[in-house]
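# Tertiary structure, described
Next come the chains, spelled out residue by residue.
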Amino acid sequence: MTVKYEDMLLHEFREAVSAVPVAYIPCGLLEWHSSHLPLGIDGLKIEELGRRIAEVRGGVVFPPVYVGAPGFTGYEGTITYRPSTVRQVFAETFGELIKVGFKVIVAIGGHYGRGQQSALMAAADMYKEHAGVAIWVLNEADVVADEGIRGDHAGPWETSMALELCGHLVDLPRFVPGKQELNRYVIPTRDDGMECEYRQSDFRIDADLRAELDPDVIRRQVALVAERIGNRAMELLATVVAQ
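Below or above, wherever it landed, is the structure these notes cover.

### A short note on the pattern of salt bridges
The full count for this structure, using the stated rule, is 16 salt bridges. Here K4 ties to E6 by a salt bridge, and the two come within 3.9 Å at their closest N and O atoms. Judged by relative accessible area, which is 25%, K4 ranks as partly exposed. K179 serves as the salt-bridge partner of D202, at 3.5 Å between the closest nitrogen and oxygen. Remark: K179 occurs in strand β5 (residues 178–179) and D202 occurs in the loop between β5 and β6 (204–205); sequence separation between them is 23 residues. D202 gets classed as partly exposed once you look at its relative accessible area, which sits at 41%. One continuous salt-bridge network, built from bridges that share partners, spans E48, R51, R52, E55 and E164.

Laid out in structure tokens, this is it:
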């Protein structure tokens, strides 16, 4: 049986939520990710990560939500929203997921910007007094910080995740180390809630991703991420059920 929300027939949805009422939400931006990664990699990698977790642990994987806060707003292909918009969208999404029966909501960010993280946490805080529900907001790299792993943008970690989780969309031979080729949009200075934009004119990735990434290491790291997120989601569910 599928674990993807949008693919489920109604009886499959009922069975999945009744068995393990945990929702995994991939969160990210449609954003420039150098020449070798797709624009939607934030959500695509997390959707596949969620699928792997849910197929082992149970639960349902929501479609990627690409309503995200800045962001390399000026970089080619990037679409961003005000943090206040992101907060509102996720507050309503969390509420709807609670309505349809989920007890634990795991909002996994594939975009590591502070504006995105803050907006999601603010949305989750609206439900902190809601009995019988737990909302966990994280970036996938958070759970392996003790391994020395940090989230990056189109660099070694994000490229590793992409290769393992949706490698058919990665075009690594296009990557060239050093200063990345950029086309930029003219974005005026604003005071309308877009203060989280990243404005650097140059972007560098100095690691040679074509030569330095070890598939076996990547496989182990991604498996560890899935295991730890799955473990924590089940702990949260046990706590909520026991209340």
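### Details of the sheet that holds strand β1 (residues 22–27)
In space, the four strands of this open sheet follow the order β2-β1-β3-β4, with parallel pairing throughout. With partners counted over all chains shown, the strands left at the sheet margins are β2 (60–61) and β4 (134–139), one partner each. Of the pairings in the sheet, the one linking strand β3 (residues 104–109) to β4 comprises six bridges and is parallel in character. Residue pairing across strands places V104 opposite A134, the latter belonging to β4. Seen against the sheet, helix α4 (residues 114–125) touches β1, β3 and β4 and runs at an angle of roughly 175° to β4.

Thresholds, definitions, all that
- Residues numbered from 1 in each chain as written.
- Predicted model: local features only at pLDDT ≥ 70, side-chain atom pairs only at ≥ 80, totals over all residues.
- Heavy atoms only, no water.
- Salt bridge = Lys/Arg side-chain N within 4 Å of Asp/Glu carboxyl O.
- Buried < 20%, exposed > 50% of the residue type's maximum accessible area, 1.4 Å probe, protein only.
- Helix = DSSP H or I, 4+ residues; strand = E, 2+ residues; numbered from the N terminus.
- Pairing = 2+ DSSP bridges.
- Contact = heavy atoms within 4.5 Å.
- Axes fitted to C-alpha atoms, helices over the stretch in contact; angles between N-to-C directions.

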